[in-house]
Amino acid sequence: MNCYRFLAKDALSAFLAFLAERERVLVPVEKNGARSSVVFEEWHEGLPFTMLKSTVPPKAAVLPQCEVLFTCRRVPDEGDQNRHVMVLDDTLTAQPTVIVATRPCDARGFAVLDRPYLNGLYQDPYYAARRKELTVLTLTCPTGCESCFCHWVGGGPSSPEGSDVLLTEIEGGYLCQSVTEKGRSLLERSALPDGEDRLASMQEARKKAYQSLGRAPDLKTAPQRISERFSDLDFWNRWTEACISCGACTYFCPTCYCFTITDEGDPAHAEGGRRLRSWDNCMSSLFTREASGHNPRRKKAERMRNRISHKYATYPENWGVFSCSGCGRCVSNCPTGIDIRAILLSALGKEEDMISHGTQSKETGQ
Amino acid sequence: MTTITNPRMPHGITPRPLLPHANAYAPMLATVHEIIEESPTIKSIRVVLNDDEAQRSFTFEPGQVGQLSVFGAGEATFVISSPPSEKRFLQFSVMLAGEVTAAIHRLSVGETVGVRAPLGNFFPYKDWFGKNVFFIAGGIGIAPIRTIMLHVLEHAENYGSLHLLFGARKPGDLAFKQDIPDWLTRSDLDCTLCVDRADESWSHKTGMVPSVLEELAPQPENTVAVLCGPPVMIKYTIETLEKLGFSPEHIITTLEKRMKCGIGICGRCNIGGLYVCVDGPVFSWKTLQGLPNEL
Ligand SMILES: Cc1cc2nc3c(=O)[nH]c(=O)nc-3n(C[C@H](O)[C@H](O)[C@H](O)COP(=O)(O)OP(=O)(O)OC[C@H]3O[C@@H](n4cnc5c(N)ncnc54)[C@H](O)[C@@H]3O)c2cc1C
Ligand code: SF4
Ligand code: SF4
Ligand code: FES
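Predicted model only: the values in this text are computed from it and were never measured.

Parameters at a glance
Residues numbered from 1 in each chain as written. Chains lettered and ligands numbered in written order. Predicted model: local features only at pLDDT ≥ 70, side-chain atom pairs only at ≥ 80, totals over all residues. Heavy atoms only, no water. Near = heavy atom within 4 Å. 1 Å grid on protein atoms, 1.4 Å probe; cavity = no way out; pocket = protein on both sides within 12 Å on 5 of 7 lines; lining within 4 Å. Sits in = over half its atoms within 2 Å of the grid points. Nonpolar A, V, L, I, M, F, W, Y, C, P; charged D, E, K, R; others polar. Contact = heavy atoms within 4.5 Å. Buried area = accessible area lost by both parts, 1.4 Å probe. Salt bridge = Lys/Arg side-chain N within 4 Å of Asp/Glu carboxyl O. Phe/Tyr/Trp six-rings, centres within 6.5 Å; stacked < 30°, edge-to-face > 60°. Buried < 20%, exposed > 50% of the residue type's maximum accessible area, 1.4 Å probe, protein only. Lys NZ or Arg CZ within 6 Å of the ring centre and 35° of its normal. Helix = DSSP H or I, 4+ residues; strand = E, 2+ residues; numbered from the N terminus. Points joined across faces, edges and corners; volume = space filled by probe spheres on them. Core = buried A, V, L, I, M, F, W, Y, C linked by side-chain atoms within 4.5 Å. Domains from an automatic or database assignment. Pairing = 2+ DSSP bridges. Axes fitted to C-alpha atoms, helices over the stretch in contact; angles between N-to-C directions. Polar contact = N/O pair within 3.5 Å; in protein donor to acceptor, adjacent residues only side chain to side chain.

## Here's the deal with the site of ligand 3
Residues and elements named next belong to chain A.
Point 1. Lining the immediate environment of ligand 3, one finds Cys243, Ile244, Ser245, Cys246, Gly247, Ala248, Cys249, Met304, Cys334, Pro335, Thr336 and Ile338.
Point 2. Spatially, ligand 3 is embedded in the second largest cavity.
Point 3. Of the residues that constitute the shell around ligand 3, the class distribution is 9 nonpolar, 3 polar and no charged.

## Describing the interface of chain B and chain A
Point 1. Counting residues at the interface gives 44 residues for chain B and 42 residues for chain A.
Point 2. Here chain B meets chain A over a buried area of about 3600 Å², counting both sides, of which 57% is carbon and sulfur.
Point 3. When the buried area of chain B at its contact with chain A is split by residue, Tyr25(B), Ile265(B) and Arg268(B) rank highest and sum to 19% of it.
Point 4. Connecting chain B to chain A are 4 salt bridges.

## A word on the packing of aromatic side chains
Point 1. Overall, the coordinates contain 17 aromatic pairs over all chains when judged by the stated rule.
Point 2. Their ring planes at 40° and their centres at 6.0 Å tell us that Phe58(B) and Phe60(B) sit as a pair that is tilted.
Point 3. The class of Phe58(B) is buried, set by a relative accessible area of 9%.
Point 4. Among the aromatic residues, those joined into a ring-pair cluster are Tyr117(A), Tyr126(A), Tyr127(A), Tyr257(A), Phe259(A) and Tyr25(B).
Point 5. In this arrangement the basic side chain of Arg229(A) is found over the ring face of Phe235(A), its NZ or CZ atom lying 4.4 Å from the centre.
Point 6. Here the guanidinium or amino end of Arg277(A) rests over the ring plane of Phe259(A), the centre of that ring lying 4.6 Å away.

## Structural notes on the pattern of salt bridges
Residue and element names in this part refer to chain A.
Point 1. Enumeration over the complete set of coordinates arrives at 32 salt bridges over all chains.
Point 2. For Arg329, the salt bridge goes to Asp106, with nearest N and O atoms at 2.7 Å. Taken as a pair, Arg329 in helix α10 (residues 329–333) and Asp106 in helix α2 (residues 104–118) lie far apart in primary sequence, 223 residues in all.
Point 3. On the basis of relative accessibility, which here comes to 3%, the residue Arg329 falls in the buried class.
Point 4. Here Glu161 ties to Arg108 by a salt bridge, and the two come within 3.0 Å at their closest N and O atoms.

## Quick notes on empty space enclosed by the protein
Which parts of space are left empty comes out when a probe the size of a water molecule is rolled across the atoms.
Residues and elements named next belong to chain A.
Point 1. In this structure the tally under the stated criterion is 6 cavities of 30 Å³ or more.
Point 2. Looking at the largest cavity, its volume works out to about 210 Å³.
Point 3. In terms of lining, the largest cavity is formed by 21 residues, of which the most central are Cys256, Tyr257, Cys258, Cys282 and His310.
Point 4. Among the elements that line the lining of the largest cavity, the one with the most residues is helix α9 (residues 300–319), at 4 residues.
Point 5. A per-class count over the lining of the largest cavity returns 9 nonpolar, 8 polar and 4 charged.

## Some remarks on the nonpolar core
Point 1. Formed by 101 residues in total, the largest nonpolar core has its most connected members in Trp128(B), Phe135(B), Leu164(B) and Trp183(B).
Point 2. When residues of this core are assigned to domains, at least three fall in each of domain 1 (28–119) and domain 2 (125–254) of chain B.
Point 3. When neighbours within four sequence positions are excluded, Phe135(B) is seen to be in contact with Trp128(B), Ile145(B), Ile148(B), Met149(B), Val152(B), His163(B), Leu164(B), Leu165(B) and Val226(B).
Point 4. Among the nonpolar cores identified, the runner-up in size contains 30 residues, and Cys249(A), Ala313(A), Cys330(A) and Ala347(A) belong to it.

## Notes on the layout of surface pockets
Point 1. Considered as a void within the structure, the second largest pocket measures approximately 410 Å³ in volume.
Point 2. Lining the second largest pocket are 20 residues, with Arg74(A), Met86(A), Pro267(A), Glu111(B) and Thr112(B) sitting closest to its centre.
Point 3. Of all the elements, strand β5 (residues 84–89) of chain A adds the most residues to the lining of the second largest pocket, at 3 residues.
Point 4. Along the lines of polarity and charge, the residues of the lining of the second largest pocket split into 9 nonpolar, 6 polar and 5 charged.

## Quick word on the site of ligand 2
Point 1. Close contacts around ligand 2 come from 13 residues, with Cys253(A), Cys324(A), Cys327(A), Gly328(A) and Cys330(A) the closest.
Point 2. Grouping the constituent residues of the shell around ligand 2 by class yields 7 nonpolar, 4 polar and 2 charged.

## Observations regarding the pairing of strand β4 (residues 66–76) of chain A
Residues and elements named next belong to chain A.
Point 1. Relative to strand β11 (residues 273–279), β4 runs antiparallel, the two being bridged by 6 bridges. Across the sheet, residue Phe70 finds its bridge partner in β11, namely Arg275.
Point 2. The sheet contact formed by β4 and β5 spans 6 bridges and is antiparallel. Within β5, the position partnered with Arg74 by the bridge is Met86.

## Considerations on the environment of Ala107(A)
Residue and element names in this part refer to chain A.
Point 1. Here Ala107 is to be found in helix α2.
Point 2. The spacing of Ala107 and Pro57 is 50 residues in sequence and 9.1 Å in space, taken between C-alpha atoms.
Point 3. Not counting chain neighbours up to four residues away, the residues in contact with Ala107 comprise Val136, Thr138, Glu161, Gly162 and Ser163.

## Considerations on the sheet that holds strand β12 (residues 205–206) of chain B
Residue and element names in this part refer to chain B.
Point 1. The sheet built from 7 strands is open, its strands ordered β12-β11-β10-β9-β13-β14-β17 with mixed pairing. Unpaired on one side and paired on the other, β12 and β17 (282–284) mark the two borders of the sheet.
Point 2. Two elements, strand β11 (residues 190–195) and β12, share 2 bridges in a ladder whose sense is parallel. Looking at β12, one finds that Cys194 is bridged to Lys205.
Point 3. The strands touched by helix α3 (residues 142–154) within the sheet are β9 (132–138), β10 (162–168), β13 (223–228) and β14 (251–254), with β9 carrying the most contacts at an inclination of about 155°.

## Concerning the sheet that holds strand β6 (residues 97–102) of chain A
Residue and element names in this part refer to chain A.
Point 1. The 7 strands are arranged β1-β9-β8-β7-β6-β2-β3 in an open sheet whose pairing can be described as mixed. Edge strands, defined here as strands with exactly one partner in the open sheet, are β1 (4–8) and β3 (36–42). This sheet shows a mean twist of 25° between the axes of neighbouring strands, independent of strand direction.
Point 2. The pairing of strand β7 (residues 134–139) with strand β8 (residues 165–170) spans 3 bridges and is classified as parallel. In the sheet register, Leu139 faces β8, and the bridge partner there is Leu167.
Point 3. This element, helix α4 (residues 181–189), spans β1, β7, β8 and β9 (173–178) of the sheet and lies at about 130° to β9.
Point 4. Each of β1, β8 and β9 touches helix α5 (residues 199–211); the most contacted strand, β8, lies at about 90° to it.

## Focus: the side chain of Asn132(B)
All names here are of chain B.
Point 1. Positionally, Asn132 belongs in strand β9.
Point 2. A distance of 3.2 Å separates polar atoms of two side chains, one belonging to Asn132 and the other to Thr223.
Point 3. Aside from chain neighbours lying at most four places away, what touches Asn132 is Gly160, Ser161, Glu221, Asn222, Thr223 and Val224.

## Section: the domain arrangement of chain B
Residue and element names in this part refer to chain B.
Point 1. With domains assigned, chain B is organised as domain 1 (28–119) and domain 2 (125–254).
Point 2. Centre-to-centre separation of domain 1 and domain 2, based on C-alpha positions: 24 Å.
Point 3. Counting residues at the interface gives 21 residues for domain 1 and 17 residues for domain 2.
Point 4. Buried area between domain 1 and domain 2, both sides added, is near 1400 Å², and the carbon and sulfur share of it is 59%.
Point 5. When the area that domain 1 buries against domain 2 is broken down by residue, the three leading residues are Glu38, Pro62 and Pro83, summing to 31%.
Point 6. Counting the contacts that link domain 1 with domain 2 gives 0 salt bridges.
Point 7. Summed over the shared surface of domain 1 and domain 2, the number is 6 residue pairs in polar contact (both at pLDDT 80 or more).
Point 8. When residues of the side of domain 1 that touches domain 2 are traced back to their parent elements, those giving at least two are β3 (28–39), β4 (42–49) and β7 (90–95).
Point 9. Tallied by class, residues from the side of domain 1 that touches domain 2 come to 10 nonpolar, 8 polar and 3 charged.

Structure follows, in structure tokens:
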């Protein structure tokens, strides 16, 4: 059974304080630099926050940009001071965390990461520990935004996948709906008043959000059509011409999860050595370069082909769903204006849809 | 031991043991026990796991790989080049290629290394029962061939005739010099050596692996060809095998990709939807033909 509670706007801070009693609370915060952006930061009393969609998804809560997998130290043997032993420390700590006011596309991002990190042949213990300690309170979107296309790829402005609680803005505040057991017990522990009497307004708001979206093209054939395009290098060259291989599209993506592993430090020195895991990205030419110098994806077109294929063909082959939640961040953050929707539609031979969705088309030069 | 089969592997390969660890990223500690200079650029490193019980109970299948690490320098992938029956140590035969391999070459006996193993799939040797097996190795490709060939030779009664064609650029580059006299003389193996460039000491064949193979002309009937080596060698050798009449499912090879996690998560070793670290490194040519051409 779902649990519904009402969170009045003026009770927001008190609610965050309630959450912060037990856990780290991450909220979207506006930053005004050369380019204004919204990022998740730890909430504390008095921190101004926003309910806007974040520029950077909260992926780092489960997969930090860089983390220590273990430290290694070469120390004298207790029994024999002339000998040394190597000591590895892979103790992992996961801080209980609640994310507040992320969006459905980013919550679905967690579901995309869960499959390879939790349900593959091997489980990733670092990710698993953080994920277990994570609670996701998602704000459903009031309308679609310029670059998003969540409803093309199985989501929508109030999609519950990956969330523990959905918040929908209604008059005077937010209606909170539990999605998981975790979300339900959180709401029940809170002092929020019952919200069942406001269900109609919630449904009305969600319906309005859906109605604001354009028509979604049918992507059922995407895995097959993209695989068929594999050898059509002209196609990939054409769509990648402007790309500068900066990797922004992957670093901003809530569903990209590739990483690299490197060592640094020296186990024989006092400060020891560490093995690190850091975000990596398949748009970089170093990603697949082998020690011999051979590189199966030397050209940027080959790397774009891999990125698109992974999202819409091979991840679906392995896991049954797209590894794109349609958040549109790769579109809005690409310095050269490359639009993944246009590539996708063109690969599917749905050029006519491109015009109606207002996405860029290389052919028409728009 | 928990075993698991990969539903995505088209030909039923024997189950793969999972790492005996909860944390698949944390290596087991091991000590360098012996170092063998195989050639100017290849060293075999024999390591013993520090935990006696782990060493005693360590099992793997021929063709499986390990991630060998020098702490502070990094980690790289190598096939376990000793046969599974070798219980005293694990051997990795390492060709000098870059940073991590250079650090491995600088190791001395008694130093501590990290090992994450066994990883990946292995040669489907049970499918070869009753068949002739023709092993073909080029350069460092002899490392995986050594483990599977020694395993097959230990169970020679299960197979037909066994052959090895082993090539290198020049005589000094041939690895496993300790093993070669045995391979040349034993009655259950027909061994041919070749080099691209011979010198006056050379008494074996001269020529590239594919052309020597063409000359040897193995009969494809009831025979499996197992080949490992650099990508160009693989490419031309497969062409020759097809010309000789070998069918794609009877050509077995191993692939190399840049790897990091070795457990199917970090995302860099894929060919289409398969990941070489968990779905490979062993593939039949038939499987490879069905995958995107991105070798
Ligand atoms: C399945 C498989 C089996 C293989 N079997 C063998 C074999 O039996 N014998 C053999 O000789 N070769 C084998 N190789 C090839 C071997 O893995 C490469 O030659 C080796 O990775 C080269 O590493 P390098 O660091 O010396 O080269 P580099 O070109 O310097 O680097 C190659 C890799 O090492 C990483 N690396 C470099 N520095 C660091 C650092 N500080 N921390 C962490 N990582 C670092 C790089 O990021 C890169 O991924 C195999 C490869 C595969 C995929
Ligand atoms: S591929 Fe682009 S639209 Fe899809 S989830 Fe990643 S950033 Fe968002
Ligand atoms: S953000 Fe744009 S330019 Fe940068 S790698 Fe992605 S597609 Fe290329
Ligand atoms: S090496 Fe990480 S996925 Fe294969």
